[in-house]
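Results of the structural survey
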Amino acid sequence: MSMLQKMLLAAALTSGIATAASAAGTNEPAGIETAKPMSSAEIYRLYNQNSWMWKAGAGHFSAKARRFTAWSRESGSPSFGMGRWFITESGKLCFNAAWHARTGTATAITCFSHRKKGGLIYQKREPDGEWYVFKSAPAQATDEFAKLRHGDYVRSQLGRIETSVSKTK
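Described in the following lines is the structure provided in the data block. Computed from a predicted model, the values in this text were never measured in an experiment.

On to the packing of aromatic side chains. According to the stated counting rule, one finds 13 aromatic pairs in the structure shown. When the centroid spacing of 4.2 Å and the interplanar angle of 15 degrees are considered together, the rings of Phe68 and Phe95 count as stacked. Of the two residues, Phe68 is situated in strand β4 (residues 67-72) and Phe95 in strand β6 (residues 92-101); the sequence distance between them amounts to 27 residues. Given the relative accessible area of 0%, Phe68 is considered buried. Accessibility expressed as a relative area gives 0% for Phe95, which makes it buried. Feature note: the residues Tyr44, Tyr47, Trp52, Phe61, Phe68, Trp85, Phe95, Trp99, Phe112, Phe134 and Phe145 constitute an aromatic cluster, connected by ring pairs. One residue, Arg66, lies across the ring of Trp85, its end atom 4.7 Å from the ring centre.

Note on terminology: a disulfide is the covalent bond linking the sulfur atoms of two cysteines. Taken as a whole, this structure holds one disulfide when the rule is applied. Two residues share a disulfide in this structure: Cys94 and Cys111, whose sulfurs sit 2.1 Å from each other. Taking the sign of the S-S torsion, about 115 degrees here, the bridge from Cys94 to Cys111 comes out right-handed. Of the two residues, Cys94 sits in strand β6 while Cys111 sits in strand β7 (residues 104-117), which places them 17 residues apart along the sequence. Residue classification places Cys111 among the buried residues on the basis of a relative accessible area of 15%.

Conventions we followed
- Residues numbered from 1 in each chain as written.
- Predicted model: local features only at pLDDT ≥ 70, side-chain atom pairs only at ≥ 80, totals over all residues.
- Heavy atoms only, no water.
- Phe/Tyr/Trp six-rings, centres within 6.5 Å; stacked < 30°, edge-to-face > 60°.
- Helix = DSSP H or I, 4+ residues; strand = E, 2+ residues; numbered from the N terminus.
- Buried < 20%, exposed > 50% of the residue type's maximum accessible area, 1.4 Å probe, protein only.
- Lys NZ or Arg CZ within 6 Å of the ring centre and 35° of its normal.
- Disulfide = S-S within 2.5 Å.

Given below as structure tokens:
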């Protein structure tokens with residue numbers, strides 16, 4: 001597999017993550033210009049030991065060794081990711097994972113910036129996503145934040161996805 005193919009695979013595998021960002025439109029939400037980056041501790045509390053439920057998959061942020069695991073069936077194609085998650089000083093949550101699919105394996109780093117103003121949390125996929133309200137004040141059932149669930153919602157599907165991907169390699 002060429003380097004270009006690996007890069008395209010990684011981009012495709014991570015494109016389904018946080019689809020709300022791409023649906024947010026081109027207008028920045030009111031208040032984003034005065035919102036402050038979230039601290040590392042705030043971001044840690046937000047994601048640690050939680051699973052982020054996606055449209056066609058989920059990602060889990062484990063406390064143990066900051067392990068990140070995920071599965072996806074984006075566009076009907078099974079894939080899974082394994083790696084580590086980390087937080088930057090500038091308010092970003094990132095995960096570095098090797099993504100495995102029927103077409104091969106590719107490594108990708110995916111990052112999301114977080115800003116806070118009062119009870120509102122804004123999020124943006126880096127480097128070129130749009131800011132959107134991640135958590136309203138008070139929180140709403142339609143917030144992307146509502147897709148964070150305490151516990152590991154990845155493990156139950158991961159074995160099946162791994163088997164499905166490895167059978168075709």
